[in-house]
Amino acid sequence: MFLVSSIQNCLDYNNDGDYMKYKRIRDLREDADLTQKEMGAAINLTQRAYAYYENGERTIPPEVLIAIARFHKTSVDYLLELTDKK
């Protein structure tokens, strides 16, 4: 139960309660001045696949989450907002 509530807490919701995005993943990409296409290519994804994950339209598989964390030299916990320490 803790894991489910922790994952839900890391996502923003719209007014209908639907997932909107993984906020930190988008923030890190934008801070690096990368497009979704560039970020996707860096971790071997298409722009569309990356956009689905970033926007919360699909759950990010662990291997993709790890690739994003490694790319940005941060932890998966930081990406999921389980910690504020990069």
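The rules we used
- Residues numbered from 1 in each chain as written.
- Predicted model: local features only at pLDDT ≥ 70, side-chain atom pairs only at ≥ 80, totals over all residues.
- Heavy atoms only, no water.
- Helix = DSSP H or I, 4+ residues; strand = E, 2+ residues; numbered from the N terminus.
- Buried < 20%, exposed > 50% of the residue type's maximum accessible area, 1.4 Å probe, protein only.
- Contact = heavy atoms within 4.5 Å.
- Core = buried A, V, L, I, M, F, W, Y, C linked by side-chain atoms within 4.5 Å.
- Arc of directions from axis to C-beta.
- Salt bridge = Lys/Arg side-chain N within 4 Å of Asp/Glu carboxyl O.

A. Representation of the overall build of the protein chain. In terms of regular secondary structure, the protein chain is built from six helices and two strands. Listing every helix and strand of the protein chain by position from the N terminus yields α-β-β-α-α-α-α-α. By residue count, 33% of the 86 residues in the protein chain fall in the buried class. Taking as baseline every contact in the protein chain between residues at least 6 positions apart, the subset at least 24 positions apart corresponds to 47%.

B. The environment of Glu57, seen in detail. Looking at the secondary structure, you find Glu57 in the loop between α4 (47-54) and α5 (62-71). Separated by 35 residues in the primary sequence, Glu57 and Tyr22 place their C-alpha atoms 9.7 Å from one another. Setting aside residues no more than four positions away along its own chain, Glu57 makes contact with Arg48 and Tyr52.

C. Geometry of the nonpolar core. Counting 15 residues, the largest nonpolar core has Ile25, Ile60, Ile68 and Leu79 as the members making the most contacts within it. Sorting the residues of this core by element identifies α2 (23-31), α4, α5 and α6 (76-79) as the ones contributing at least two each. A per-element tally of this core places α5 first, with four residues. Once residues lying within four places of it in the same chain are set aside, the contact partners of Ile60 are Tyr22, Ile25, Tyr53 and Leu65.

D. Region of the structure containing α5. The set of residues buried in α5 consists of Val64, Leu65, Ile68 and Ala69. Each buried residue of α5 sits inside an arc of 140° when the element is viewed along its axis, so together they form one side. Exposed residues lying more than 90 degrees from the buried face of α5 are Pro62, Glu63 and Arg70. Tucked inside the fold, the buried residues of α5 contact α2, α3 (36-42), α4 and α6.

E. Broad picture of unusual backbone geometry. One non-glycine residue, Lys73, adopts positive backbone phi at about 55°. We classify Lys73 as exposed; its relative accessible area is 74%.

F. Structural context of the pattern of salt bridges. For the structure on display, the rule yields five salt bridges. The salt bridge partner of Arg26 is Glu30, with a shortest N-O separation of 2.8 Å. Residue Arg26 and its partner Glu30 are located together in helix α2, separated by four residues, close to a single helical turn. Look at Arg26 and you get partly exposed, because its relative accessible area is 31%. For Glu30, a relative accessible area of 35% translates into the label partly exposed.

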